[in-house]
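Remarks on the overall topology
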Amino acid sequence: MKFFRDTSISNKILIPPAITMVALGIVLLLAIHGFKKQGSVLTQVHDIALERITLVNEFMSLSESVQSDLFRVTVLRMMNIPEPEIQSIHEHLGQGLSDIMVIYRQILSKWPLDHEEKKILEQMKVPMDAFSEEARQATEVVLQDPSFGIFLVRSAAVPFADFQRLLSQFLNYQKRKIAYAETASRETVEKVETTILFIAFFTAFIAILISVWIGNRLISRPVRSITDAMGQLAGGNLSTGVGDLNRKDEIGSMAKAVEVFRENAFEKRTAEEALKASEVNYQTIFDTANDAFFIHDLNTGQILDVNQKMHEMYGYTVEEARHIDVEVLSEGVPPYSQEEAMAWIQKAAEGTPQLFEWKAKHKTGEVFWVEVNLKRITIGNEDRLLAIARDITERKLAEEERIKLEDKLHRAQKMESLGLMAGGIAHDLNNILSGIVSYPELLLMDIPVGSPMRKPMETIKESGMRAVDVVSDLITIARGVATAKEALNFNTIVAEYLGSAEHQKLERTHSFIDFKVELNPDLLNSNGSSTHIKKILMNLVMNASEAIEGAGIVTISTENRYLDEPLEGYEDVRIGEYAVLSVSDDGSGIPAANLEKIFEPFYTKNVMGRSGTGLGLAVVWNSVQEHNGYINVKSGEKGTVFELYFPVTREEVAGAEAEVPLEDYFGQGEKILVVDDEERQREIACGMLTKLGYIAEAVSSGEEAIEYVKEHPVDLIVLDMVMPKGINGRKTYEEIIKIRPKQKAIIASGYAKTKEVDAAQELGAGKYIKKPYTLEKVGLAVKEELEK
Amino acid sequence: MCTKMSRCFLVIATLAIMGLTGLNAAAEPRRGGELVVSYGGGTPRHFNPAVQSGTSTAIVGTQIFASPLRYDENWNPIPYLAQTWKVSEDGRSVTLKLVEGATFHDGRPITSEDVAFSIMAVKKYHPFKPMFAPVERVDTPDPHTAIIRLSHPHPAILLAMSPALLPILPKHVYGDGQDLKTHPANLAPVGSGPFKLAKYIPGKTIVLERNDHYFIPGRPYLDKIIIRLEKDPKAQMVEMERQVAHIIPAFSDLTGLDRLSKSKHLVITPKGFEGIGSVVWLAFNLLRKPLDEKRVRQAIAYAVDPEFIIKYLHRGRSRRATGPISPGSPFYEPDVQTYRVDLDRANRLLDEAGYPKKPDGNRFSLTLDYIPVMPSQQRDVALYLKRQLEKVGIDIRVRRSKNFPEWATRIGNWDFDMTMDSVYNWGDPVIGVHRTYLSDNIRKGVIWSNTQNYRNKRVDEILGQAAVEMDKDKRKALYREFQQILTEELPVVWINVLPFHTVYHAGLGKPPTTIWGVHAPFDELYWKERPAIVYASTPTLETQSPPLKQVGVRAMDLLKERGLYQALDVLKDPNQGFLDLKGSGLHVIGFTNKGIVFLDNSGQMKTGMDISKILDISGKRLLPQFLEAANGKSGGILKSKGFWPHPGTHKVAPMSAWCGMLTGEDVICVLKWDE
């Protein structure tokens, strides 16, 4: 193939006739050889058959001579010619018989026999053996008794006839074989002739094909392809290579010349393109960088160029940025003013790269943190200053948050160790105090009224009693709420407290204070120790009273609250239902700096009131902790609010069966879908709805809800508004009404009504209920909405 | 020591065989019965193997005479008259200790004197000179010790003391000074073997009776042995088939072997001829051109296809012989030059030897003789060789000899070009092999000497050494070289081992299968189960019965009562009412249902003749007509449209017959000629 391609065009033209001649030559040689071989095979077949015919003829004449010997011996013996006279015939006869057998065995063993020949020879065996045996036997008998011998000569005649017949059959078969071989050979010759003719034609045809192929494939097509390539080059397409470069003929040389031309042009263009690409790359990096890039004039500090990110971070367009000062981009308050900025720039300009944090300012005036990397660079032989600003606001916030958390942990640990210490002290003090408390009592009995000793003794007793209270509180702190918790309702506790002697005394001592109570009658139960809760309430009310100078209001309130999101300052608070007990006053409030310390034992009374053991809030803190609750203190100029969050239990308060007229809220098997990301809430809502006679299903996200209603129409959806992990309730509802435009829904949320709730209601959602769910709330809202 | 060792070994071997054969070994050989031997090997001239070689003398002689040793199937000597034997370290003396108390048939004790006498007699008279040629004298220090003194070590001495080769003759009978070759006691032998000669009808029957004083206690087991001399193998076969004969020694009729192998009560074995060690060969007269040329001899070897001879001419019954030593011998060497048939090579060798083809296609002409016995081994092969050698341009004239002596005279006197021959090894190569190759055994007039006139100094040397080498391995090495030289030089072309077989009745125990086979005493042979002939019931005879039937029934009664051979005498006697050769014939014939004749009192038909294909005048086969009559058709009477020549007058006349069944297979017919 390669040879054909590479040889010169003049040679190419010569190839087909050469091939034709060689092929025809080979065919002729083969034909001559074939004819010769055919001839020799024919001769061979002929020779073999002739040999066989000769041998079989011999065989036949031999057996005939044996037969005739036998008759001769018999006749001569009948003529009473003595035995020695006919001995030679006898001997000839014997040898003939032996020879018959030898020839037969040779034919059988030496010749390749076909099926027919074998068959004839096998058939021959029986009459031949019989003839031999009979002939031998007859010969012997004839010598003894010719008249009896004739018997046996006659009996030999039958197998002899059979034997002869088979011999002729064999002979005829041989003759037929020769004839057949000749015919077959003639036919073969004819076949060979036809084949040679065919091969000659075929060869010529192939030669023509080769010519066409060479002309087209090896000459025309490559020349065309080179001219095409030249056309492409002229048209500016440099990427198309020129084929046939490896050829060693004239076309190859032409192709190489064109290829050199193409390569040169291509190299030039590639260099240009590379330059362009490099510029594009630079711009892409510049624009897609996640940091804001500023390029300043090193001498003037003027902004020459900024990237897209700068626009996003600072709000200025590139054009605007070129005309503003660094001042504008900074908070403007030292140490983040123009002056400091210039100082950093100065240092960087001197050659030392600078890395620092900076308070930057958005076009809107919003301040945010950036980390600035200043570096002197050279762009196109010009000295420039590259400033890279990275937004680190989030990092900063996270840092602050971390510090806050650390403080909180620190505080909790401190409270815990203080508690432990207090517990230890309390134990010992309790014994000591019994003396101090008991003896003044006894002594006072003996001291007459009006005795100057009586006042000091009473003071001792008072002090002792206070010390006992202190110890008692200490023990509470130290032991924790060891008593068993049970389901209780804070409303009951509040009522009990209000009727207690301690509160009566408080009201008496603080007659200018108005004690208000705002209890939610639907308040859910909590698990707790009523003693401790009461103690908490008492301490808080006392604190509140003492926080008020002169007249004021102390409010005790309870309410149910559902936390969709963590309580501010208590990020570890669990989402869920809470019963909240609040005590607020309108006193002077607690300074923010002190808020953190108010729960520490013995924190200065200057801050936290004037009386008590100094352990009141410590006890509150401890007890709330023990109840898995949280304390939220809000204090300001208008007063202080202590909100205590206790987890709700759905257990009933022992002996306080609630009577709810359920019938009013019963449904009639309507299908309701509850959408809530909290499993517990889903269970509660579904449980209530089922109890109310609805068929309730629940899904755990807005996305699932959308999928669900696509397939299953429902009568109403109870939709949680706040689902932080996915789309919120409003968005969910928006999507659902695209599928089912008049879909009824009620909104549930732990928060007070928000803008999102309003938005949802504007879209068509129904009543808003505040979590936690109660049977009454849910029942009423669902019923109302369904009846719309 | 050595003797004891061999005896110990023998005991162990016997025990091992007993262990292996289990139940058979447990069955004790039984006394009694007679054995009919059908012998086709010719009539023995006399019964003294000391002065006569040949199997016919040996078969009878070994029953009558004991010898010092006998042999087992593996060429191991076994004590016989010699209880122990010891070859001295220098190999120059052999001490025999004889069995004590052994006597000759006439009651006289056997002594070392008899042994000494016998050895010297064999040395003097036996044609196998090498057997005892080295014996200088035999010392007889006491009546039971004979010491053979040798001029040189003689490894063949032990085999030479085999029963067929060294009969112990009573000195008091044969040592009377008469020529042993013609001694009258040769025909009335006195020996010490297991049987005594009771009766001899020359050319017909030899009757042997049990020697009750045989020196091996309890043996022999048979009471009587009748050896029937029957040359015609066809007659032998019908005797065996009809169980009237029980053993054919050395049977070699090839079609006959095929036929006999179909009889369930017969066993055919090629074992027992290892000692004889026959080799059939094509011999060259090396004195004549062009056979003096080795390449011509090799060319002839390449032209002959022994495989064809064995497989087709011998029907696979013979074995290939590749060299001068028979393949059954311990000295046989298979690794020799062989000549696979290759006509091209033969032609090439002949061209090279300077004998190109003449215009008529021939190169030269040769005569080829053959022994006029055993045609399958001699004449047939000769005729085959003629055809085969023609193919390579050698014209062969096959020359017939009228009888064995004519052939022997021609060959012995070197009056031949090539001849077919068959020669026996006779145990040790020293005895039967050396004679035909040693240059000092080129003896005109002596058949089976070195009639080829082969001379090779190295061969002479080797054979000289092998004749005195007592170490078996060294002898083997010498014979290996010998066989390699000979197969390369080809004084003869060895073709095959004779297809000798012993055919015996399956009821016989301990058949003769040692290396000497039937040429050894039959003292261990016994009847496990005697042949039983079941006769058909004789047809009833009434007063009105035709005379034909009367004769037939009488003949049948006679046959049943006396047996075939004893009955024959009566059946041939016209005075007894049989065989009216002058009148209508009344000629009794017997044949099997396959048409094989076993009886014809007229002698018209020979025993073994096949009449199955004889036709009547209308061309119908006669045998079925006989069988129909015998089975009762027309009261057994057959009126033949055919003819039958009168056995006496030979006149042909219509024949009538009466036939009856003698046994389930045998038919008796009485034929009569109608005037």
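Just above, that's the structure.
These notes cover the structure that comes with them. (Residues numbered from 1 in each chain as written. Chains lettered and ligands numbered in written order. Predicted model: local features only at pLDDT ≥ 70, side-chain atom pairs only at ≥ 80, totals over all residues. Heavy atoms only, no water.)

Looking now at the overall build of chain B. When its secondary structure is counted, chain B shows 18 helices and 26 strands. Split into buried and exposed, the 675 residues of chain B put 58% on the buried side. Of the contacts made within chain B by residues no fewer than 6 positions apart, 66% connect residues no fewer than 24 positions apart. Of the roughly 27400 Å² that chain B leaves accessible, carbon and sulfur atoms contribute 52%. (Helix = DSSP H or I, 4+ residues; strand = E, 2+ residues; numbered from the N terminus. Buried < 20%, exposed > 50% of the residue type's maximum accessible area, 1.4 Å probe, protein only. Contact = heavy atoms within 4.5 Å. Areas by Shrake-Rupley, 256 points an atom, 1.4 Å probe, with all protein chains shown as cover.)

Here we come to the overall build of chain A. Regarding its fold elements, chain A presents 23 helices and 17 strands. Evaluated residue by residue, chain A yields a buried proportion of 43% over its 788 residues. The contacts in chain A between residues at least 6 apart in sequence include a share of 66% that link residues at least 24 apart. When the accessible surface of chain A is summed, it comes to about 42100 Å², and 57% of that surface belongs to carbon and sulfur atoms.

All names here are of chain B. With mixed pairing, the six strands of this open sheet are ordered in space as β14-β18-β13-β17-β15-β16. With partners counted over all chains shown, the strands left at the sheet margins are β14 (319–320) and β16 (394–399), one partner each. Two strands pair when backbone bridges link them, and strand β13 (residues 278–284) and strand β17 (residues 418–424) are joined in this way by seven bridges, in the antiparallel orientation. The residue of β17 that forms the bridge with F284 is M418. (Pairing = 2+ DSSP bridges.)

Residue and element names in this part refer to chain A. Running from amino to carboxyl end, helix α14 (residues 501–509) crosses helix α15 (residues 530–547) at an angle of 5°, the nearest separation of the two axes being 11 Å. Taken together, the axes of α14 and α15 lie roughly parallel to each other. Of the residues in α15, those in contact with E502, H503 and L506 of α14 are M538, V541, M542 and S545. Considering only residue class, the contact of α14 with α15 consists of four nonpolar, two polar and one charged. (Axes fitted to C-alpha atoms, helices over the stretch in contact; angles between N-to-C directions. Parallel < 35°, antiparallel > 145°, perpendicular 65-115°, else oblique. Nonpolar A, V, L, I, M, F, W, Y, C, P; charged D, E, K, R; others polar.)

Looking now at the state of the cysteines. What we call a disulfide is simply a covalent bond connecting the sulfur atoms of a pair of cysteines. All names here are of chain B. This structure, assessed with the given rule, holds one disulfide over all chains. Each sulfur in the disulfide pair C659 and C669 lies 2.1 Å from the other. Measuring the twist about the S-S bond at about 110°, one finds the C659-C669 disulfide to be right-handed. Placement of C659 in strand β25 (residues 652–661) and of C669 in strand β26 (residues 666–673) is noted, with a sequence separation of 10 residues between them. Neither C659 nor C669 differs from the other in exposure class; each is buried. (Disulfide = S-S within 2.5 Å.)

Turning to the side chain of B:H183, a few remarks are in order. Residues and elements named next belong to chain B. Considering the arrangement of structural elements, one finds H183 in the loop between α5 (171–174) and β8 (195–201). There is a polar contact of 2.9 Å between the side chain of H183 and the side chain of D176. For H183, the contacting residues outside a window of four places in its chain are V173, Y174, D176 and Q178. (Polar contact = N/O pair within 3.5 Å; in protein donor to acceptor, adjacent residues only side chain to side chain.)

Okay, the environment of B:E274 next. Residue and element names in this part refer to chain B. With respect to the element layout, E274 can be found in the loop between β12 (266–269) and β13. Sequence separation between E274 and P327 is 53 residues; the distance between their C-alpha atoms is 8.2 Å. With residues up to four places along the chain from it excluded, the contact list for E274 reads W75, G328, T514 and I515. For E274, the side chain forms a polar contact with the main-chain nitrogen of G272, separated by 3.0 Å.

Let's shift gears to the interface of chain A and chain B. Taken together, the contact pairs 30 residues of chain A with 31 residues of chain B. Both faces considered, chain A and chain B share a buried interface measuring about 3000 Å² in area, 56% of it formed by carbon and sulfur atoms. Three residues, A:F148, A:F151 and A:R154, lead the burial of chain A against chain B; their summed loss comes to 21% of the area buried on that side. On the surface where chain A and chain B come into contact, there are four salt bridges. One salt bridge connects B:R387 with A:E58, and the closest N-O pair in it is separated by 2.9 Å. The interface formed by chain A and chain B contains 10 residue pairs in polar contact (both at pLDDT 80 or more). (Buried area = accessible area lost by both parts, 1.4 Å probe. Salt bridge = Lys/Arg side-chain N within 4 Å of Asp/Glu carboxyl O.)

Residues and elements named next belong to chain A. Sheet topology note: the strand β1 (residues 292–297)/strand β2 (residues 303–306) ladder contains three bridges and is antiparallel. Looking across to β2, one finds that H296 is bridged to I303. With antiparallel pairing between neighbouring strands as the criterion, β1 and β2 make up a hairpin whose turn holds five residues, including G301 at a positive phi of roughly 80°.

Time to look at the packing of aromatic side chains. Residues and elements named next belong to chain B. Going through the model one piece at a time under the given rule, you end up with 37 aromatic pairs over all chains. Measuring from centroid to centroid gives 5.9 Å for F404 and W448, while their planes differ by 45°, and the two rings are tilted. Of this pair, F404 sits in helix α12 (residues 404–412) while W448 sits in the loop between α13 (429–432) and α14 (457–468); the two residues are 44 residues apart in sequence, bridging distant segments of the chain. Under the relative-accessibility criterion, F404 is labelled partly exposed at 32%. Taking the centre distance of 5.7 Å and the plane angle of 70° together, the rings of Y437 and F482 count as edge-to-face. Taken together, the residues span a long stretch of sequence, with Y437 in the loop between α13 and α14 and F482 in helix α15 (residues 472–489) at a distance of 45 residues. One exposure class covers both Y437 and F482, and it is buried. (Phe/Tyr/Trp six-rings, centres within 6.5 Å; stacked < 30°, edge-to-face > 60°.)

This brings us to the pattern of salt bridges. All names here are of chain A. What the rule picks out here adds up to 64 salt bridges over all chains. Its salt-bridge partner being E331, residue K359 comes within 3.8 Å of it at the nearest N-O pair. A residue pair is termed long-range when its members are at least 10 positions apart, and K359 in strand β3 (residues 354–361) and E331 in the loop between α9 (326–329) and α10 (338–349) qualify at 28 residues. The exposure class assigned to K359 is partly exposed, which follows from its relative accessible area of 24%.

In this model, B:R219 is joined to B:P220 through a cis peptide bond whose omega is -10°. Secondary-structure assignment places B:P220 in the loop between β9 (205–210) and β10 (224–229). In the segment running from B:K289 into B:P290, the intervening peptide bond is cis, with an omega of -5°. Tracing the sequence through the fold places B:P290 in the loop between β13 and α8 (294–303). Its identity as a non-glycine residue notwithstanding, A:N628 has a phi of 60°, on the positive side. Assignment of secondary structure puts A:N628 in the loop between α18 (616–626) and β11 (630–636). Its relative accessible area of 47% is what places A:N628 among the partly exposed residues. Positive phi, normally seen in glycine, also occurs at B:W75, with a value near 65°. By the secondary structure assignment, B:W75 is in the loop between β2 (69–71) and β3 (77–79). With a relative accessible area of 18%, B:W75 lands in the buried category.

Here we come to a positive patch on the surface. Taken together, the side chains of B:R45, B:K129, B:K181 and B:R443 present a region of like positive charge at the surface. With respect to the secondary-structure elements, B:R443 resides in the loop between α13 and α14. (Patch = residues over 30% accessible without salt bridge, like charges linked within 9 Å, V, L, I, M, F, W, Y side chains within 5 Å. Lys, Arg positive; Asp, Glu negative; His and termini not counted. Charge placed at Lys NZ, Arg CZ, Asp CG, Glu CD.)

In this section: the sheet that holds strand β4 (residues 367–379) of chain A. Residues and elements named next belong to chain A. If you trace the five strands from one edge of the open sheet to the other, you get β2-β1-β5-β4-β3, paired in antiparallel fashion. The sheet terminates laterally at β2 and β3, the two strands that pair on one side only. Strand-to-strand twist in this sheet, taken as the mean axis angle between neighbours without regard to direction, amounts to 30°. Here β1 pairs with strand β5 (residues 382–391) via six bridges, running antiparallel. From the neighbouring strand, A292 faces β5, where its bridge partner is A389. Sitting on the sheet, α10 is in contact with β3, β4 and β5, with an inclination near 155° to β3.

Glancing now at α18(A). With respect to burial, α18(A) is a largely interior element, nine of its 11 residues being buried. Taken from the residues just after α18(A), A:N628 is the one with a positive phi, measuring 60°.

Residue and element names in this part refer to chain B. As a packed pair, helix α16 (residues 547–562) and helix α17 (residues 564–571) sit with axes 7 Å apart at the nearest point and diverge in direction by 140°. Relative to α17, the element α16 lies oblique. Of the two elements, α16 crosses α17, and the hand of that crossing is right-handed. Between α16, through A555, L558, L559 and R562, and α17, the contact on the second element is made entirely by L564, Q566, A567, V570 and L571. Taken together, the residues of the contact of α16 with α17 sort by class into seven nonpolar, one polar and one charged. (Left-handed = near helix turned anticlockwise from the far one by under 90°.)

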